[in-house]
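Remarks on the overall topology
Residues per chain are reported as follows:
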Amino acid sequence: MKQILVVDDEKLVREGIQEALADEGYAVYTASNGNEAIKALQVFVPDVIITDIIMPEADGIEVLLHAKKLQPRPRIIAISGGGRISANDHLATARKLGADVILTKPFSIEILLEAIEKQ
Amino acid sequence: MQFQNDSYRISRSERDFLRMLFQRSPVIYCEFNRFLRLSYINQEGLSFSGYRPEEHIYRLADFIGPEKSLRTPWEEDHPRKSFIEVRIQSANGNSLYLNCLWWAIEHEGKFDGIACLGFDSTRHHQMMEELQKSNSQFKEFAQLLPETVFEIDMEGNFLFLNESSYKIFGYTKDDKINAFDLIVPEDQPRLKENIKKLLSGEAIKGNSYVARRKDGSTIPVLIYSDVKYQDGKPEGFRGFVVDISAIKQAEEALLESEEKYRSLTNRLPVGIYRTSREGKLLFANRAFINMLGYDSPEEIFAHPVQDFYSEPGEREKLLQYHEPGREYYQPEIHLKRKDGTQIIVKDRGKVYKSPDGQIYYDGIIEDITEPHQLEERLKQAEKLQAIGTLAGGIAHDFNNLILGMQLYTEMALKEAGNNNKLRKNLEKILLAQERGKQLLQQIVSFTNYPDDHREDINLKEMVSNILDLIKDTIPEAIDFNAELDDCGFVNVNPVHLHQIIQNLITNAIHAMEGKGRLSIVVRCAYADETQVKSGNENHPERYAIIHVEDSGCGISEKNINRIFEPFFTTKDVGLGTGLGLYIVHNLVKKYNGEIQVKSHPGEGTIMKIFLPLANKKE
């Protein structure tokens, strides 16, 4: 069973993704900000990390940088919902820094599942 | 006794007759012998001159004038004067003058003396003397003047010409000059005309002519003259001539300077004007006339300035300024051109008070219609940007909420199973969320850059980046393929390019309902090949073509002409804003590009975007 860490400062999003993925049979853990996420990563290495990029207190980029160093390297899915096109700049940065998938909010569960399983 | 036909020659006996005839008459009769000495004077003559009969008289009289005039009866080659002047020395030493009729006495074929019938002309002589004196005084005075003073006869011969004239005209006293020849041929007709006027009694002021010097050079002159009459008949002209070269030069300099200022004011790209308080246009330069759409000064001056104001009452604002020297400035006035179109101008000027007390407004107007329009558009863009920024500020949270709603709705949908009613309701909620997402995206897209921001962007790179960002949101069931040629650079706002591509791909995905083939191709082309309406048909422009093809449901014939309309959508009610392609179309047009659609129901759709490539030197 794949282990997934979801990092997002919005509770609705966190819990929504968690529930949706749990329904699909994943073990989902959550963190509400970057610091929490990094702390969690010091304890376990998930198969997939889904993280929002723009967050207070150490944003997703930091999570990403940290995650890159983990062994075995998790699949990293960066998400952002600024709606601003400039949010895409963040996502582009995330891609350059090693995110495997970029998703702009809102997205469907289907897309998310594809992102998790895509080879 | 018979007087001969040559009635001025008489014999001795005729002389005796005359003597006897006039002996006691009240007219003066005297005789001179052949030596031209007084030989007889009658009683009247004696008392006239104050002598008693016994006194010696032979030294009394002299003939005035050259003796030749006396000898004329004997010398035929000279015309005879009917009168001769005789001077008599009176008893108390004064000179008395007689104007005399005279006869020549002939004896034995020889000149024997003169017989005279005299009339007192002392007074006349005095007058003549005074005239002479004044003439010479005048002449002395005339000699002093630096200008030309002249007296001519009717034929133009000079009777008097002062010293200065010779210097001015470069002649010497020995030269024979005719006055009329001193005027250049071109002015002769006018000269004759003026002479005629003078002679007919018309009082005329000085006239200007061009005069000619001895060496052929010319000078502009002003001639003041009058007719000289003798016994009621015109005998000649007198007057003076002023050299007006200096004045002419000053005149020319003034004209030149005037011309310089006139052409300067007409060249300036601002409208220069003068108006009266009552609203009469008194001066307008070329730019002013053109700005208001009129063709000529005459045309525009016919209008009161109130005609040019779009808003009644605008003119009154100006009238509050009336202190001379007061400057005024109106940053924005709406004016009406001849054809009714509006322009917006800046009006700046000064109140001027003329010497006769009139108040004028002298100013300039500058057309700011275009900058004004740009400003308005900028304000509009700024407003939109503000809205966008505002929206952007909450977009993050909004998108989170929409995502949350979407996730739970999708999960609920899974739970709905066969409950069709429930399914339908949940699907409707999903549609609403989709619409919300799109709306937000479109509002927020106004932010980040001012609308006119442009950059030179490497098209291939940019499209590649954009695809990178959105490819993960393309469902796996869709076979996605991208082929990007390097065509160079386009000069666009990167945000807009993102919007264009995003919109096209979104539409394609929707048309395919989650599965099918989607391809993006970027390639280069020339104008003639692409049949693109470019601004200059003759200039082969390079274009990049962004080609988006899907295997979706296609567009029906009846809809294909409407797809770019705002709010037109074939998506189900609640889904889609109908703004996507409208925005794409506006953006493409903004960049002087073109958009073409090829589609048939059931056969998929091809969207082709043409963007002009920037001529960037790499």
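Keep in mind the model is a prediction, meaning the values are calculated, not measured. (Residues numbered from 1 in each chain as written. Chains lettered and ligands numbered in written order. Predicted model: local features only at pLDDT ≥ 70, side-chain atom pairs only at ≥ 80, totals over all residues. Heavy atoms only, no water.)

A word on the overall build of chain B. Each helix and strand counted, chain B has 17 helices and 24 strands in total. When each of the 618 residues of chain B is scored for burial, the buried share is 42%. Accessible surface computed for chain B: about 35600 Å², of which carbon and sulfur atoms make up 51%. (Helix = DSSP H or I, 4+ residues; strand = E, 2+ residues; numbered from the N terminus. Buried < 20%, exposed > 50% of the residue type's maximum accessible area, 1.4 Å probe, protein only. Areas by Shrake-Rupley, 256 points an atom, 1.4 Å probe, with all protein chains shown as cover.)

What follows is about the state of the cysteines. Residue and element names in this part refer to chain B. By the definition in use, this model includes 1 disulfide over all chains. Here Cys487 pairs with Cys524 through a disulfide, and the sulfurs are 2.1 Å apart. Disulfide Cys487 to Cys524: torsion about the S-S bond roughly -100°, handedness left-handed. Of this pair, Cys487 sits in the loop between β19 (478-484) and β20 (489-492) while Cys524 sits in strand β21 (residues 516-526); the two residues are 37 residues apart in sequence, bridging distant segments of the chain. (Disulfide = S-S within 2.5 Å.)

What follows deals with the interface of chain A and chain B. Bring the parts together and some accessible area is lost; that lost area is often taken as the interface size. Contacts between chain A and chain B engage 38 residues on the former and 33 residues on the latter. Joining chain A to chain B, the criterion identifies 1 salt bridge. Residue Glu24(A) is joined to Lys414(B) by a salt bridge in which the shortest nitrogen-to-oxygen separation is 2.8 Å. Taken together, the connections running from chain A to chain B amount to 6 residue pairs in polar contact (both at pLDDT 80 or more). When residues of the side of chain A that touches chain B are traced back to their parent elements, those giving at least two are α1 (11-23), α4 (85-96), β5 (101-104) and α5 (109-117) of chain A. Counting residues per element, the side of chain A that touches chain B draws most heavily on α1(A), which supplies 8 residues. Each residue belonging to the side of chain A that touches chain B can be placed in one class, and the counts come to 15 nonpolar, 8 polar and 15 charged. (Contact = heavy atoms within 4.5 Å. Salt bridge = Lys/Arg side-chain N within 4 Å of Asp/Glu carboxyl O. Polar contact = N/O pair within 3.5 Å; in protein donor to acceptor, adjacent residues only side chain to side chain. Nonpolar A, V, L, I, M, F, W, Y, C, P; charged D, E, K, R; others polar.)

Moving on to the nonpolar core. Membership of the largest hydrophobic core comes to 43 residues, with the highest contact counts inside it found for Leu459(B), Leu497(B), Ile501(B), Ile505(B), Leu518(B), Ile546(B) and Ile609(B). Elements with a minimum of two residues in this core: α13 (459-470), β19, β20, α14 (494-512), β21, β22 (542-550), α17 (580-590) and β24 (605-612) of chain B. Look past the residues within four positions of Ile505(B) in its chain and what remains in contact with it is Leu467(B), Ile470(B), Ile474(B), Leu518(B) and Ile520(B). With 24 residues, the next largest nonpolar core counts Ile17(A), Phe107(A), Ile109(A) and Ala115(A) among its residues. (Core = buried A, V, L, I, M, F, W, Y, C linked by side-chain atoms within 4.5 Å.)

Think of an α-helix as turning once every 3.6 residues; residues three or four places apart then point the same way. The set of residues buried in helix α3 (residues 60-68) of chain A consists of Gly60(A), Ile61(A), Val63(A), Leu64(A) and Ala67(A). Take α3(A) and look down its axis: the buried residues cluster within an arc of 160°, on one side only. (Arc of directions from axis to C-beta.)

We now examine the side chain of Thr369(B). Residue and element names in this part refer to chain B. Considering the arrangement of structural elements, one finds Thr369 in helix α11 (residues 369-416). A distance of 3.0 Å separates the side chain of Thr369 from the backbone nitrogen of Ile344, its partner in a polar contact. A polar side-chain atom of Thr369 sits 2.4 Å from a polar atom in the side chain of Asp367. The contacts of Thr369, once residues within four sequence positions are left out, are Gln342, Ile343 and Ile344.

Looking now at the confidence of the model for chain B. Residue and element names in this part refer to chain B. Here chain B averages 82 in pLDDT, and 88% of its residues register 70 or above. The low-confidence segment residues 1-5, where pLDDT is below 50, has 10 contacts with residues more than four positions distant or belonging to other chains. Taken together, the chains of this predicted complex give a pTM of 0.44 and an interface ipTM of 0.89. (pLDDT = per-residue confidence, 0-100.)

Attention now goes to the sheet that holds strand β14 (residues 281-284) of chain B. All names here are of chain B. Spatially, β14-β13-β17-β16-β15 is the arrangement adopted by the 5 strands of the open sheet, whose pairing is antiparallel. At either end of the open sheet lies a strand with only one pairing partner, and these are β14 and β15 (327-336). Recorded for the sheet is a direction-independent mean angle of 25° between the axes of neighbouring strands. Sheet topology note: the strand β16 (residues 342-353)/strand β17 (residues 359-367) ladder contains 9 bridges and is antiparallel. Residue pairing across strands places Val345 opposite Asp367, the latter belonging to β17. (Pairing = 2+ DSSP bridges. Axes fitted to C-alpha atoms, helices over the stretch in contact; angles between N-to-C directions.)

A few words on a negative patch on the surface. Residues Glu15(A), Glu19(A), Asp23(A) and Glu415(B) make up a contiguous surface patch of negative charge. For Glu19(A), the location among the structural elements is in helix α1. (Patch = residues over 30% accessible without salt bridge, like charges linked within 9 Å, V, L, I, M, F, W, Y side chains within 5 Å. Lys, Arg positive; Asp, Glu negative; His and termini not counted. Charge placed at Lys NZ, Arg CZ, Asp CG, Glu CD.)

All names here are of chain B. Here α13 contains 12 residues, and its C-alpha end-to-end distance of 17 Å stays within 8% of the 16 Å for a straight helix at 1.5 Å per residue. Looking only at α13, the buried set comprises Leu459, Met462, Val463, Ile466, Leu467, Asp468, Leu469 and Ile470. Among the residues of α13, the N-terminal cap falls to Asn458, whose side-chain oxygen and the backbone nitrogen of Lys460 are separated by 3.1 Å. (Expected span 1.5 Å × (residues − 1).)

So, on to the pattern of salt bridges. Residues and elements named next belong to chain B. Going through the model one piece at a time under the given rule, you end up with 25 salt bridges over all chains. Here Glu163 and Lys173 are joined by a salt bridge, their closest N and O atoms 2.7 Å apart. With Glu163 in helix α5 (residues 163-169) and Lys173 in the loop between α5 and α6 (188-199), this pair connects stretches of sequence that are 10 residues apart. On the basis of relative accessible area, Glu163 is assigned to the partly exposed category, the value being 37%.

Another point: unusual backbone geometry. The peptide bond linking Gln71(A) to Pro72(A) adopts the cis configuration, its omega dihedral lying at -10°. For the bond running from Lys105(A) to Pro106(A), omega is -10°, close enough to zero to count as cis. Mapped onto the secondary structure, Pro106(A) falls in the loop between β5 and α5. Of note in the backbone geometry, Asp231(B) takes a positive phi value of approximately 55° without being a glycine. Residue placement: Asp231(B) occurs in the loop between β11 (218-230) and β12 (233-243).

All names here are of chain A. The 5 strands are arranged β2-β1-β3-β4-β5 in an open sheet whose pairing can be described as parallel. Looking along the sheet, the strands with just one partner apiece sit at the ends: β2 (27-31) and β5. Strand-to-strand twist across the sheet, computed as the mean angle between neighbouring axes with direction ignored, equals 20°. Of the pairings in the sheet, the one linking strand β1 (residues 3-7) to β2 comprises 5 bridges and is parallel in character. Each residue of the ladder has a partner; that of Gln3, found in β2, is Ala27. Helix-sheet contacts for α3 involve β3 (48-52) and β4 (75-80), and the interaxial angle to β3 is about 160°.

All names here are of chain B. If you walk through the whole model with that rule in mind, you get 3 cavities of 30 Å³ or more. By volume, the largest cavity is sized at about 390 Å³. What lines the largest cavity is a set of 28 residues, among which Phe150, Ile152, Leu191, Ile223 and Val241 lie closest to the centre. For the lining of the largest cavity, the residue count by class is 22 nonpolar, 5 polar and 1 charged. Size it by volume and the second largest cavity reaches roughly 130 Å³. Tyr273, Thr275, Phe288, Val305, Phe308, Tyr309, Arg315, Leu318, Ile333, Leu335, Asp347 and Ile365 together form the lining of the second largest cavity. Elements represented by at least two residues in the lining of the second largest cavity include exactly β13 (271-276), α10 (314-319) and β15. Residues that form the lining of the second largest cavity fall into these classes: 9 nonpolar, 1 polar and 2 charged. (1 Å grid on protein atoms, 1.4 Å probe; cavity = no way out; pocket = protein on both sides within 12 Å on 5 of 7 lines; lining within 4 Å. Points joined across faces, edges and corners; volume = space filled by probe spheres on them.)

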